[in-house]
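# Structural overview
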Amino acid sequence: ITTVNNNFNLTLQNGISTKKQIEEIKEKINNIKVEYTVEEQEKIEKERDEINYNLIKNNNDISQQEKNINDLTKSEFCPTCGRKYENVDNSARIKDAQDKVKKLKDENIIINEKLVTINASLEDVKARRVAYFESNKLKVQKSALEVKKEQLGKEYLELQNKINEYKKNSEAIDKNNQ
């Protein structure tokens, strides 16, 4: 009977502990109020990729225009003696290329501002994703603990029945011995 009583008390303590854990997990789940969808994250990532593509494209165009400006400037002078050629004036084309470079650099400033905003949004979504997965993990733990609690409840009742049966048998034996 000592073993049965010990098992009974242990099962009771495990049940109380499990119930407490379930309540703590419920509270944690209720504290996590988060909306997250994979579609939202994918949309933001796609937008970020498009912005990065435009930034890379503009940087390549800037490099190309700067090379063009350099080539146009050099073509006005003799490569051997360095004297300026007569009747060769690329200043209009150089000015046009410089204007394109300025326009592309201005666009890059706007693109970089958008990129900062998009990256902040993406970090927010990633943080919400972590919270969302944590919430799901807690829900799984809660379900497992609820199953454990049910099993402990059944075990508790079985042990309670054994103790009651033992007491009846003990009383019957005592009664017969009198």
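No experiment lies behind these values; they were computed from the predicted model shown. (Residues numbered from 1 in each chain as written. Predicted model: local features only at pLDDT ≥ 70, side-chain atom pairs only at ≥ 80, totals over all residues. Heavy atoms only, no water.)

## Concerning the packing of helix 1 (residues 2–31) against helix 3 (residues 91–177)
As a reminder of what qualifies: Helix axes are fitted only over the stretch in contact, all axes being lines through C-alpha atoms; the angle between N-to-C directions runs from 0 to 180 degrees. Under the scheme used here, helices are H or I runs from DSSP no shorter than 4 residues and strands are E runs no shorter than 2 residues, and both carry numbers assigned from the N terminus. Note that the term roughly parallel is reserved for angles under 35 degrees, roughly antiparallel for angles over 145, roughly perpendicular for angles of 65 to 115, and oblique for everything else. Crossings are sorted by hand: turned counterclockwise from the far helix by less than a right angle, the near helix makes the crossing left-handed, and turned clockwise it makes it right-handed.
Between helix 1 and helix 3, the least distance of the axes is 8 Å, while the angle of their chain directions is 155°. Put simply, helix 1 runs roughly antiparallel to helix 3. Between helix 1 and helix 3 lies a crossing of left-handed hand.

## Re the state of the cysteines
The condition that has to hold: Here, a disulfide means two cysteine sulfur atoms that sit within 2.5 Å of each other. Per-residue accessibility, obtained with a 1.4 Å probe over protein chains only, is compared with the maximum for each type, and a residue is labelled buried under 20%, exposed over 50%, and partly exposed between these values.
For the structure shown, the criterion picks out zero disulfides. Here cysteine 78 stays free of any disulfide, with the sulfur of cysteine 81 as its closest cysteine sulfur at 3.6 Å. What makes cysteine 81 exposed here is its relative accessible area of 55%.

## A word on the pattern of salt bridges
Short version of the rule: The term salt bridge refers to a side-chain nitrogen of Lys or Arg lying within 4 Å of a carboxyl oxygen of Asp or Glu.
Counting across every chain of the model gives 13 salt bridges. We note a salt bridge from aspartate 71 to lysine 67, for which the minimum N-O separation is 3.1 Å. One end of the pair is aspartate 71 and the other is lysine 67, both in helix 2 (residues 38–74) and four residues apart, which spans about a single turn. The partner of aspartate 106 in a salt bridge is lysine 102, and the shortest N-O contact between them spans 3.2 Å.

Function cannot be read off these values alone, since they describe shape.
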